[in-house]
Amino acid sequence: MSRNKEKDFDWYSKENVSDQEDFELSGESDDNIEQVSNDSSTEQSGSESEDISCNDTSEKFFIGKDKTTKWFSSPENKKVKTRKHNIVIRLPGVKTAAKNAQSILECWELFFTKNMIEKIVNFTNIQLDKLRRNYKNAKDVRPTSEIEIRAVLGLLYMIGVKKGNHVNLKEFWASDGTAPDFFRASMNLQRFYVLINALRFDNIHTRDERTKLDKLAAIREIFDMFNDKCKECYTPGQYLTIDEMLESFRGRCSFRQYMPKKPAKYGLKMWALVDSRLFYTSNIEIYGGKQPNGPFNISNSVDQVVKRISAPILGTGRNITMDNYFASIPLAVDLLDHHRTTVVTTLRKNKREIPPQFLQTKGKAVNSSMFGFTEKCTLVSYVSKKNKNVLMLSSLHNSGDIDKDSGQRKKPEIITFYNLTKGAVDVVDELKGTYSVSRETRRWPMVIFYALLNIGGINSQIIYRENTENKITRRSFLSQLAKDLVIPFLKVRVMEPSLNLELRSLIKRIGNIRIEEAVKTSQGFCEFCPRKLNKKTKKRCVTCSQFICPSHTLLYCDDCYNV
């Protein structure tokens, strides 16, 4: 029998049996792989066996359930040089467009550009014009500006730092000494309410027409701009992960998903490509359900989703780790043959290419492994517990090596590698949730925008750390980012003549503002007199430049002043 006449699914098989009788979960990796097995029915109980089919006594092989796929006894080449599809041609790291960003604010602005903020300001002003007739006080719904919108985003980040995304906003703006002064100094609470409610990401006057072609029209432009920047700023490492994100949302939305195994259960689903080591999010796609006929009507089949999400790294010799929701043997072969991309994944037991012998658990010792090989892929069936096994597929590995560090459990290296790289998207979800800017809302575009702010905070810190080698904590990074976004607005707000003395002094202290930076007029109110006295003066203190009236002025001669 000649091997070169076989199809792509000519698999070799090998059995590695351990003497262990009991399997004990002792670590996060074991829990992870066990959970995947339970969720996706990769574990097989009972006896489900067929006789081994063999047409050549010198070659042992198994036949898949499709009656076509063959699995042979050993890999054809046990010791080979690094295969060409494992050679990375694009080195990981910050790309040229982002290498000049040295400050925290500059790194954040890589993802939320001036053009993006300007569009949000224009769209928000359109909404404010629409809302103005519903307010008696027109000042509350006056047009906003770029500097004010950036201050709103800074306040959202600061609320996330304080872990207050589910706290009533009134508690942050309390004036009884129980709230941080940062919020009251930055913006009036009523104005913050109005801006959050009016925040828009598209032109509401043309939305109905665009929605006929795209369900995501309300966020599409801003989302695409952000996603493009994620691809442009950083080249991910050799190992990446594809998985689902679920942004919690229980409002009205035609493409809202119910995922019972996710903590939020109800929400908007996104697919993400994340670096397995640094947790940089390289690409995102929102699941919009069945789109109307037009340019946005794309296939939601698993194979097409994986290829679209992994597009930035296809052909660069990288590996993708994913769970069995995305996995299939034809997809793994296709990515390897046409895109130089390898895959490590769990498999569901209903795949037609899997022989019944790989599903059988009866009579197999705990911690035993059965391997199958081709020139392109490796299949392993690992008995993790009595009468339960896990199926894994890898086009990255071409041997049946056992991880020596796993001890008596004798885990295959494929499973160890999967456990180390499969959780990148989950880590990003955890980072997003720790200091989340998200707030309760009935508008699904806001849910997506909150997610972009959270992801942008993570990605910008990675860029900052790579450019400066400053290992700043995430809390400190977001706190400083919030201040950098708000302080320019403080310098404008402190000039408002209607501010009382206490609030003006608070703004100066929070923003570390000198009076000459804020007040450019030649005349102003005395800083020490009550406002009701309406005392104006042209005199300033020579040290702090504050306005002072004659009642609060002391006279010194040159000799005494210099002392």
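Cut-offs and rules
Residues numbered from 1 in each chain as written. Predicted model: local features only at pLDDT ≥ 70, side-chain atom pairs only at ≥ 80, totals over all residues. Heavy atoms only, no water. Helix = DSSP H or I, 4+ residues; strand = E, 2+ residues; numbered from the N terminus. Buried < 20%, exposed > 50% of the residue type's maximum accessible area, 1.4 Å probe, protein only. Contact = heavy atoms within 4.5 Å. Areas by Shrake-Rupley, 256 points an atom, 1.4 Å probe, with all protein chains shown as cover. Axes fitted to C-alpha atoms, helices over the stretch in contact; angles between N-to-C directions. Parallel < 35°, antiparallel > 145°, perpendicular 65-115°, else oblique. Nonpolar A, V, L, I, M, F, W, Y, C, P; charged D, E, K, R; others polar. Salt bridge = Lys/Arg side-chain N within 4 Å of Asp/Glu carboxyl O. Expected span 1.5 Å × (residues − 1). Pairing = 2+ DSSP bridges. Right-handed = clockwise from strand over helix to strand, strands pointing away. Phe/Tyr/Trp six-rings, centres within 6.5 Å; stacked < 30°, edge-to-face > 60°. Lys NZ or Arg CZ within 6 Å of the ring centre and 35° of its normal. Disulfide = S-S within 2.5 Å. Left-handed = near helix turned anticlockwise from the far one by under 90°. Core = buried A, V, L, I, M, F, W, Y, C linked by side-chain atoms within 4.5 Å. pLDDT = per-residue confidence, 0-100.

Caption draft 1: How the structure looks around the overall build of the protein chain. On a plain count of helices and strands, the protein chain comes out with 19 helices and 16 strands. Buried residues in the protein chain amount to 52% of all 563 residues. In the protein chain, of all internal contacts separated by at least 6 residues, the share reaching a separation of at least 24 is 68%. Split by element, the accessible area of the protein chain, about 27,100 Å² in all, is 48% carbon and sulfur.

Caption draft 2: Main features of the packing of helix H3 (residues 114-131) against helix H4 (residues 146-161). The contact between H3 and H4 brings their axes to 9 Å, and the two run at 100°. Compared by their axis directions, H3 and H4 come out roughly perpendicular. Residues Lys-114, Ile-117, Glu-118, Ile-120 and Val-121 of H3 pack against Glu-146, Ile-149, Arg-150 and Leu-153 of H4. Split by residue class, the contact of H3 with H4 holds five nonpolar, no polar and four charged.

Caption draft 3: The pattern of salt bridges, seen in detail. Under the definition given, this model contains 20 salt bridges. Residue Lys-432 is joined to Asp-429 by a salt bridge in which the shortest nitrogen-to-oxygen separation is 3.3 Å. One end of the pair is Lys-432 and the other is Asp-429, both in helix H14 (residues 424-434) and three residues apart, which spans about a single turn. Judged by its relative accessible area of 4%, Lys-432 is buried. Through salt bridges with shared partners, one network takes in Lys-114, Glu-118 and Glu-146.

Caption draft 4: The side chain of Arg-191, seen in detail. Looking at where Arg-191 falls in the secondary structure, it is placed in helix H7 (residues 189-198). The exposure class assigned to Arg-191 is buried, which follows from its relative accessible area of 3%. Ignoring any residue separated from it by four or fewer positions in sequence, one finds Arg-191 in contact with Lys-139, Asp-140, Val-141, Arg-142, Pro-143, Thr-144 and Glu-148.

Caption draft 5: Layout of H4. Counted at 1.5 Å a residue, the expected span for H4 with its 16 residues is 22 Å, and the 23 Å between its end C-alpha atoms agrees. Across the 16 residues of H4, 14 count as buried, placing the element largely inside the fold. Lys-163, located one to two residues past H4, shows a positive phi value of around 55°.

Caption draft 6: Focus on the side chain of Asn-467. As for its position among the elements, Asn-467 is in helix H15 (residues 444-468). Aside from chain neighbours lying at most four places away, what touches Asn-467 is Val-94, Ala-98, Lys-99, Ala-101 and Gln-102.

Caption draft 7: Spotlight on the pairing of strand S11 (residues 342-346). Summarising burial for S11: five of the five residues are buried, a large majority. Side chains Thr-342, Val-344 and Thr-346 of S11 all project onto a buried face; the interleaved residues Val-343 and Thr-345 project onto the opposite face, where all are buried too. With four bridges joining them, strand S10 (residues 319-322) and S11 adopt parallel strand pairing. Looking at the pairing, Asn-319 lines up with Thr-342 of S11. Assessed by its sense of winding, the connection that carries the chain from S10 through helix H11 (residues 329-339) to S11 is right-handed. With three bridges joining them, S11 and strand S14 (residues 388-394) adopt antiparallel strand pairing. Each bridged residue has a counterpart across the sheet, and for Thr-346 the counterpart in S14 is Met-392.

Caption draft 8: Representation of the packing of aromatic side chains within the structure. In the structure shown here, the tally under the stated rule is 19 aromatic pairs. Here the aromatic rings of Phe-111 and Phe-226 are separated by 6.2 Å at their centres, their planes lie at 45°, and the arrangement is tilted. Residue Phe-111 is found in the loop between helix H2 (104-109) and H3, and its partner Phe-226 is found in helix H9 (residues 220-233); the two are separated by 115 residues along the sequence. Under the relative-accessibility criterion, Phe-226 is labelled buried at 0%. In textbook terms, an aromatic cluster arises when at least three aromatic residues are bridged by ring pairs, as seen for Trp-108, Phe-111, Phe-112, Tyr-157, Phe-201, Phe-226, Tyr-234, Tyr-280 and Phe-449. Over the aromatic face of Tyr-287 sits the side chain of Lys-269, whose NZ or CZ is 4.7 Å from the ring centroid.

Caption draft 9: Seen up close, the pairing of strand S9 (residues 281-286). Counted residue by residue, S9 has six buried out of six residues, so it is predominantly covered. Taken together, the five bridges between strand S8 (residues 266-275) and S9 define a ladder with antiparallel strand orientation. Bridged to Leu-273 within S9 is Asn-283. Following S8, the chain reverses through five residues before pairing antiparallel with S9; Phe-279 in that reversal takes a positive phi of roughly 65°.

Caption draft 10: Structural detail: the state of the cysteines. Scanning the model with the defined rule gives zero disulfides in all. Left unpaired, Cys-107 is separated from the closest cysteine sulfur, that of Cys-233, by 9.2 Å.

Caption draft 11: Layout of the environment of Pro-312. Position of Pro-312 relative to the elements: it lies in the loop between helix H10 (302-309) and S10. Residue classification places Pro-312 among the partly exposed residues on the basis of a relative accessible area of 25%. On a C-alpha basis, the gap between Pro-312 and Leu-273 in space is 9.3 Å, while along the polypeptide they are 39 residues apart. Apart from residues no more than four positions distant in its own chain, Pro-312 is found in contact with Arg-90, Lys-231, Leu-273 and Asn-283.

Caption draft 12: Molecular detail of the packing of H3 against H7. Where H3 contacts H7, the axes come no closer than 9 Å and their chain directions differ by 110°. Relative to H7, the element H3 lies roughly perpendicular. Here the hand of the crossing between H3 and H7 comes out right-handed. Contacts between H3 and H7 pair Thr-124, Gln-127, Leu-128 and Leu-131 from the former with Val-194, Leu-195 and Ala-198 from the latter.

Caption draft 13: Here's a closer look at the nonpolar core. With 97 residues, the main nonpolar core has Phe-112, Tyr-157, Phe-192, Trp-444 and Ile-463 as its most contacted residues. Element by element, the count of residues in this core is highest for H15, at 14 residues. The residues contacting Phe-192, other than those within four sequence positions of it, are Val-152, Leu-155, Leu-156, Ile-159, Leu-169, Trp-173 and Met-187. Residues Tyr-287, Leu-335, Val-343 and Met-370 belong to the second largest nonpolar core, which totals 29 residues.

Caption draft 14: Main features of the confidence of the model for the protein chain. Mean pLDDT over the protein chain stands at 84; residues scoring 70 or higher make up 81%. Confidence drops under pLDDT 50 across residues 1-58; counting only partners more than four residues distant or on other chains, this segment forms 174 contacts.

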